[in-house]
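What follows is each chain in one-letter form.
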Amino acid sequence: MGIAMTRNGAISLWDTSSAEEDYINPMVEDATVDVAIVGGGFTGLSTALHCAENGLSALVLEANHIGFGGSGRNVGLVNAGVWHPPAKVREKLGDTFGPRFVRRFGEGPEKVFSLIEKHQIRCEVTKTGTLHAAHAPSGFEDLRSRYKEWKRLEAPVALLDRDEMAAKVGTSMFHGGLLDHRAGTINPMGYCQGLARAARGAGAEIVTGVRAKKLRKDGTGWTIEATGGTVKAKYVVLGTNAYTDELWPNLSRVFTKIHYFQLATEPMGNRVAHILPERQGLWDTGQIMFSLRRDMENRLIIGSMGTIVGSVGQGLSHRWARKKLARMYPDLGPVTFEAAWHGQIAMTPDHLPRIYNLDDGLYTSIGYNGRGITTGTLFGEAIAGLLTGSDPSDLPLPITDVATVPTAPIMSRLYQTAFTANQILRSL
Ligand SMILES: Cc1cc2nc3c(=O)[nH]c(=O)nc-3n(C[C@H](O)[C@H](O)[C@H](O)COP(=O)(O)OP(=O)(O)OC[C@H]3O[C@@H](n4cnc5c(N)ncnc54)[C@H](O)[C@@H]3O)c2cc1C
């Protein structure tokens, strides 16, 4: 029997500010289930929830704790769509999967919001949209063409000029922006913990602090040797994404690992009332992207690509965040940060996610390119559907062969160097 509790040793602001409870449940005995799911993030928990709802017995094995990976470290932008504009997705995925992918991802936030509503997940949900901010005139041109494409598909998006953007963000530094009314923000750890609660409510089991160490095909099913016991399952789903270890050969080599860091201020009360007054989450068109949002306690949460260098109260990232806020909001005054953290993102060469059928009854979805709230939720549901009889041709994208990225380790290091250099330059 697991216990619900509030935990010390938080991995992010969201870990401490989440109104949902953590669930800690060590593995005490061997198990036999229909589906064993490795990883307790959005993907694993959505898979568990939907498998359990579809009548399969499901067990999630999480090496650390719920939301330990990208899911609990995220910015919390519930985006509609992926990095590519719709036409590019169609070009890459073809006439059958392309339009379906664009439609399902366009509806992705609605799926997330409906799960939040259905399971009464306490995750600071706001449905006021997201703002893609133009860092330069070229960025605004890119947003204008995205706007035209989404408009053609009758999506509720608005192109904002400089003044309209200034009113939404509280600074005139952007050259305009794209407001996507389908999107919104959440406390990502709250959503993840809420999904865990919903999955358990539907009958799924979750064990935490349990690493899957070996995976072996066993007759018609699978055996997982884990810290704490052995699991036998007909199907296995790997929801390990950017935190993939060596459990399955080469899976950690199908993406380039990059980092994204964030710092959160202390609650700032009315001093920040003019900043993102409608609480949209914002990210920009710069090559080294940055993000900004305001949570329900009036903390500003600012981030960019790379790792935290230094600590919450001093060092390079702390200086970067202070300078960035001072440049955007010269009248803001002194700022104190209360949390600093980073997490890993799995980037694929074409910036599209993957669903792999690694072996009979063994599936994974991976490589979300920093778009995991909707992707993990949708793919978890899709894989659960696959295990209960849906046709693979109904998936949001085709199952492809595993392709490793030989340059990934070196690219990871190069990106990390460039991101740190950016922090240094922008802190001067
Ligand atoms: C800093 C940051 C900001 C982001 N911002 C956004 C955003 O604003 N919007 C958005 O949509 N997406 C965002 N993303 C991306 C998103 O967070 C991820 O795509 C998403 O969380 C992936 O979910 P997942 O469940 O697939 O994997 P994860 O949440 O990474 O979970 C993988 C889990 O697997 C566990 N695990 C690994 N190996 C084993 C093993 N052998 N045995 C047991 N457990 C194992 C890990 O402990 C981990 O908990 C961001 C990511 C980061 C890092």
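Computed from a prediction, not measured in an experiment: that's the story for all the values here.

**Comments concerning the overall build of the protein chain**
Within the protein chain, the secondary structure is distributed over 10 helices and 20 strands. The C-alpha atoms of the protein chain give a radius of gyration of 21 Å, which matches the 22 Å a tight globule of 428 residues would have. Counting only C-alpha atoms and orienting by the principal axes, one finds that the protein chain spans roughly 65 × 50 × 45 Å. Burial analysis of the protein chain (428 residues in total) assigns 51% to the buried set. Taking the contacts inside the protein chain whose residues are at least 6 apart along the sequence as the reference set, 73% of them involve residues at least 24 apart.

**Points about the site of the ligand**
Inspection of the region around the ligand gives 40 residues, with G41, G69, G70, G343 and G372 positioned closest. Of all the secondary-structure elements, those providing two or more residues to the shell around the ligand are α2 (42-53), β4 (58-62), β18 (337-347) and α9 (373-387). When the residues that make up the shell around the ligand are grouped by side-chain class, the tally is 15 nonpolar, 20 polar and 5 charged.

**Points about the domain arrangement of the protein chain**
For the protein chain, the assigned domains are domain 1 (3-74 + 189-252 + 350-404) and domain 2 (130-181). Here domain 1 and domain 2 have C-alpha centroids that lie 35 Å from each other.

**Comments concerning the sheet that holds strand β6 (residues 130-133)**
With respect to topology, 8 strands assemble into an open sheet ordered β7-β8-β6-β15-β16-β17-β14-β18, the strand pairing being mixed. Two strands bound the open sheet, and with one partner strand each, they are β7 (157-160) and β18. With direction set aside, neighbouring strand axes in the sheet form an average angle of 20°. Across 5 bridges, the pairing between strand β16 (residues 290-294) and strand β17 (residues 300-305) is antiparallel. Among the inter-strand pairings, L292 is bridged to a residue of β17, identified as I302. Strands in contact with helix α6 (residues 162-169) are β6, β7, β8 (177-180) and β15 (281-284); relative to β6, the strand with the most contacts, it is inclined by about 130°. Contacts from helix α10 (residues 408-427) reach β14 (256-265) and β17 within the one sheet, and its direction differs from that of β14 by about 30°.

**A word on the pairing of β8**
Working note: regular strand, side chains alternate between the two faces of the sheet. Covered by surrounding structure in β8 are G177 and L179 together with L178 and D180, the residues of both alternating faces. Direction of pairing for β6 relative to β8: antiparallel, over a ladder of 4 bridges. Directly across from L131, in β8, lies its bridge partner L179. When β7 meets β8, the two strands line up antiparallel, connected through 4 bridges. Bridge pairing links L159 to L178 in β8.

**Observations concerning the packing of α2 against α9**
Direction vectors running N to C along α2 and α9 enclose 40°, while the axes themselves pass 7 Å from each other. It follows that α2 is oblique to α9 by the angle criterion. Along this stretch, α2 crosses α9, giving a crossing that reads as right-handed. Each of F42, T43, L45, S46, T47, H50 and C51 in α2 lies in contact with α9, whose residues at this interface are I373, G376, T377, F379, G380, E381, I383, A384 and L387. Its residues placed into classes, the contact of α2 with α9 shows 8 nonpolar, 7 polar and 1 charged.

**Focus: the environment of S291**
Position of S291 relative to the elements: it lies in strand β16. For S291, a count of 21 C-beta atoms within 10 Å corresponds to the buried category. Along the backbone, S291 and G281 are 10 residues apart, and their C-alpha atoms lie at a distance of 7.6 Å. Every residue in contact with S291, bar those within four places of it in the chain, is listed here: V75, G281, L282, W283 and G303.

**Notes on the nonpolar core**
One finds V35, A36, A48, A58, L61 and A199 to be the most contacted residues of the largest nonpolar core, which totals 124 residues. At 8 residues, the largest contribution of residues to this core is made by α9. Inspection of this core shows a minimum of three residues originating in each of domain 1 (3-74 + 189-252 + 350-404) and domain 2 (130-181). Filtering out sequence-adjacent residues up to four positions away, A36 remains in contact with L59, L61, W222, I224, V231, A233 and V236.

Definitions and limits used
Residues numbered from 1 in each chain as written. Predicted model: local features only at pLDDT ≥ 70, side-chain atom pairs only at ≥ 80, totals over all residues. Helix = DSSP H or I, 4+ residues; strand = E, 2+ residues; numbered from the N terminus. Rg over C-alpha atoms; globule rule 2.2 N^0.38 Å. Buried ≥ 20, exposed ≤ 12 C-beta atoms within 10 Å, placed from the backbone. Contact = placed C-beta atoms within 7 Å. Near = placed C-beta within 6 Å. Nonpolar A, V, L, I, M, F, W, Y, C, P; charged D, E, K, R; others polar. Domains from an automatic or database assignment. Pairing = 2+ DSSP bridges. Axes fitted to C-alpha atoms, helices over the stretch in contact; angles between N-to-C directions. Parallel < 35°, antiparallel > 145°, perpendicular 65-115°, else oblique. Left-handed = near helix turned anticlockwise from the far one by under 90°. Core = buried A, V, L, I, M, F, W, Y, C linked by C-beta atoms within 7 Å.

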